[in-house]
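One-letter residues, chain by chain:
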Amino acid sequence: MTLPAGWTARRPTLDDVPAILTVVHAADTFAIGHPDFDAEDVEASLTAPYVDPTRDSWLAVDPDGTVVGWATVDNPTGVGREFVEVYVDPDRAGIVRAPLLARQLDRVAERAAERGLPALTVRCAVFAPERDWERTLRESGFTLAKRYVRMNRSLADLPAEPPPPAGVSVRPVRPDDEAELREFHRVHDTAFGDTPDHEPLSYERWRARIGDVTAWDEWFVAEVDGVLAGALQSSDQGLDQQEGFVRSLSVLPAYRRRGVGAALLRRAFARYAEKGRLSVGLGVDLTNPTAPVSLYRSVGLRETWWSDMYELVVPAAGV
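Residues numbered from 1 in each chain as written. Predicted model: local features only at pLDDT ≥ 70, side-chain atom pairs only at ≥ 80, totals over all residues. Heavy atoms only, no water.

- In the annotation of an unreviewed UniProt entry, the entry for the protein reads GNAT family N-acetyltransferase, and the organism field reads Micromonospora profundi.

Here's what the structure looks like:
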């Protein structure tokens, strides 16, 4: 599968970040209604630990020399499945998405061989308006794996935070206490251990992955009768929209259905509101038994859009 006549493909460099961001903003606006990336996100993708842009990423360039497509592989842990992203300017460059995808699948096959694996599973996300992209994936052999739902609520009408249930206390995590951070990680890892896609990370790899957190006051733990039983991790990914964002909510199985998750969410919402955020959002994996939509609805969140995850098993190169 080749690019149209007159179009070219080349590897990106950090000098291409502004051009890539223009493409990503156009793609995101079409898919979800607003830009969801900034320049730092693009740079982070090009410099991620398990991504080599000279081998794992491509740009599509039109005959005028304008970058109109960007494809990259994402694997934040270096293990497990690969994620492929193919961003294109939807008004000008839909014709290059399939050729870019084909190049990325060839690269995934090479990455499988380099890791000594017989095959790798690759996933691609599709948002509701992206019917052409969905058709391209299906024609390439992908099948639907799961659906994610994005939920949101305004903070303008946030009610006063009620007291937590008896025996439950919520407070910010103590970032200078390594023992507590290890407990935070343990709670998260244990809580998600029974989900289909969970890929365990050691504490050391988790700590390296979260990097330099600038808003520890938005990370919370819940104790039940003095035992650390729940954890909430926030993210700054919604700051451009003045949105607080819950990256993960974890409650140990033995303490579920006791109001721990709701108490953590309400505390996070209150903190976001104190800091002037206009809304709060989070994503829900509908196959995740630990994250019932009913809990999120009970604290005022409502579904705003969805995305489907498509999946393909790619044999290793040479197999």
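## Details of a negative patch on the surface
- Judged by side-chain charge, E40, D41, E43, D236 and D240 come together as a negatively charged surface patch.
- Take E40: it is sitting in helix α2 (residues 39-46). (Patch = residues over 30% accessible without salt bridge, like charges linked within 9 Å, V, L, I, M, F, W, Y side chains within 5 Å. Areas by Shrake-Rupley, 256 points an atom, 1.4 Å probe, with all protein chains shown as cover. Salt bridge = Lys/Arg side-chain N within 4 Å of Asp/Glu carboxyl O. Lys, Arg positive; Asp, Glu negative; His and termini not counted. Charge placed at Lys NZ, Arg CZ, Asp CG, Glu CD. Helix = DSSP H or I, 4+ residues; strand = E, 2+ residues; numbered from the N terminus.)

## With respect to unusual backbone geometry
- For D225, which is not glycine, the phi dihedral falls at a positive 50°.
- If you trace the backbone, D225 turns up in the loop between β8 (220-224) and β9 (227-235).
- Phi at R257 is positive, roughly 65°, even though this residue is not glycine.
- Tracing the sequence through the fold places R257 in the loop between β10 (243-251) and α8 (260-274).

## A short note on the packing of helix α4 (residues 97-114) against helix α5 (residues 131-139)
- Across the interface, α4 lies against α5 with an axial gap of 10 Å and an inter-helix angle of 40°. Put simply, α4 runs oblique to α5. The hand of the α4/α5 crossing is right-handed. Across the interface between the two elements, R97, A98 and L101 from α4 touch W133, T136 and L137 from α5.
- Class assignment of the residues belonging to the contact of α4 with α5 gives a composition of four nonpolar, one polar and one charged. (Axes fitted to C-alpha atoms, helices over the stretch in contact; angles between N-to-C directions. Parallel < 35°, antiparallel > 145°, perpendicular 65-115°, else oblique. Left-handed = near helix turned anticlockwise from the far one by under 90°. Contact = heavy atoms within 4.5 Å. Nonpolar A, V, L, I, M, F, W, Y, C, P; charged D, E, K, R; others polar.)

## Examining the confidence of the model for the protein
- For the protein, the mean per-residue pLDDT works out to 92, and 98% of the residues sit at or above 70.
- Element-level mean pLDDT values for the protein span from 88 in helix α7 (residues 203-210) up to 98 in β8. (pLDDT = per-residue confidence, 0-100.)

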